[in-house]
Amino acid sequence: MEDPVRLTQIRKTVIQMLSDRGYITSAIDAEVPRDITNRDELKIYCVKKDDPTESVYVFFPEVPKVGVTHIKKYVELMKSRQTNRAIIVVQQNITPFAKQALVEISQDKKIVLEQFNEAELLVNITHHQLVPKHILLTKEEKLELLTRYKMKESQLPRIQLNDPIARYFGLARGNVVKIVRPSETAGRYITYRLCV
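All values derive from a computational prediction rather than experimental measurement.

S.K.: Before we move on, could you go through the UniProt feature "domain: RNA polymerase subunit H/Rpb5 C-terminal" (unreviewed entry) in the protein and cite the residues and values that matter?
M.R.: Annotation from UniProt places "domain: RNA polymerase subunit H/Rpb5 C-terminal" (unreviewed entry) at residues 123-195. Strand forms 32% of residues 123-195 and helix 22%; the C-alpha atoms that close the span are 23 Å apart.

In structure tokens form, the structure reads like this:
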């Protein structure tokens, strides 16, 4: 038997994550299912605010351990809706063959498949008091930053691609985030990090 409170919390965190990534989530909030009988009802599809051609799917597989057949089914669904990004929220884990399939599909660079465990999404990590505010810079803002400080991209401090915050924001290699921390002396302290 599914725990509807737990699933609702996970879905709420996913919706907040999509909103933080710049997707339109206002219509999704209204359609939260009351009695969750199957996980397929939790599936989410939304588009970016600034670019309606860019969209994302969020899948909640029924099975505890996701295999290659599920990955292929999701990729086919993505291709039918011309979506290049998806998030798979798994109950336990994915099989080693499915992990390999994810790597192979992601190497194509046309499709991005991210995988999160349900336990990772029970709490929104960006709402914790010790996590400073992170803002993803656009390409123009990144270029302006490098020009202003007369530096190369490689001279910026780094954030790993598998860092929980980088995963939350869906960062790719080469993305730069602006980190705003509170400071007792200056009011706020701003740093930048390059995703590697």
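S.K.: How would you explain the side chain of T25 if you had to name every residue and give the values?
M.R.: Locating T25 in the fold gives a position in the loop between α1 (4-20) and α2 (26-30). Judged by relative accessible area, which is 9%, T25 ranks as buried. Residues contacting T25, with those up to four places away along its chain left out, are I15, L18 and S19.

S.K.: Requested: an account of the pairing of strand β4 (residues 85-90), with residues and values cited.
M.R.: Of all six residues that make up β4, six are buried, and the element is covered over most of its length. Burial of β4 is two-sided: the residues R85, I87 and V89 facing one way and the residues A86, I88 and V90 facing the other way are all buried. Both strand β2 (residues 55-59) and β4 contribute to a ladder of four bridges, which runs parallel. Across the sheet, Y57 pairs through a bridge with A86, a residue of β4. Where β4 meets strand β6 (residues 112-117), six bridges bridge the pair, whose relative direction is parallel. What sits directly across from I87, in β6, is E114.

S.K.: Any details on the domain arrangement of the protein? Residues and values, ideally.
M.R.: By a widely used convention, the size of an interface equals the accessible area lost when the partners come together. Here the protein is described as being made up of domain 1 (4-120) and domain 2 (127-195). The gap between the C-alpha centroids of domain 1 and domain 2 is 25 Å. The interface is formed by nine residues belonging to domain 1 together with five residues belonging to domain 2. Interface area for domain 1 against domain 2, summed over the two sides, is near 660 Å², with a carbon-plus-sulfur share of 44%.

S.K.: Please provide a residue-by-residue account of helix α3 (residues 68-80), values included.
M.R.: If you check α3, its first and last C-alpha atoms are 18 Å apart, about what 13 residues at 1.5 Å a residue would give, namely 18 Å. Inspection of α3 places I71, Y74, V75 and M78 among the buried residues, and these make up the whole buried set. End-on view of α3: buried residues confined to an arc of 100 degrees, all on one side of the axis. Among the exposed residues of α3, those pointing more than 90 degrees away from its buried face are T69, K72, K73, E76 and S80. Its buried side turned inward, α3 meets β2, β3 (65-66), β4, α4 (96-107) and β6. The positive-phi residue at the C-terminal boundary of α3 is Q82, with phi of around 55 degrees.

Conventions used here
Residues numbered from 1 in each chain as written. Predicted model: local features only at pLDDT ≥ 70, side-chain atom pairs only at ≥ 80, totals over all residues. Heavy atoms only, no water. UniProt positions renumbered as here; feature names shortened; annotations may be inferred. Helix = DSSP H or I, 4+ residues; strand = E, 2+ residues; numbered from the N terminus. Buried < 20%, exposed > 50% of the residue type's maximum accessible area, 1.4 Å probe, protein only. Contact = heavy atoms within 4.5 Å. Pairing = 2+ DSSP bridges. Domains from an automatic or database assignment. Buried area = accessible area lost by both parts, 1.4 Å probe. Expected span 1.5 Å × (residues − 1). Arc of directions from axis to C-beta.

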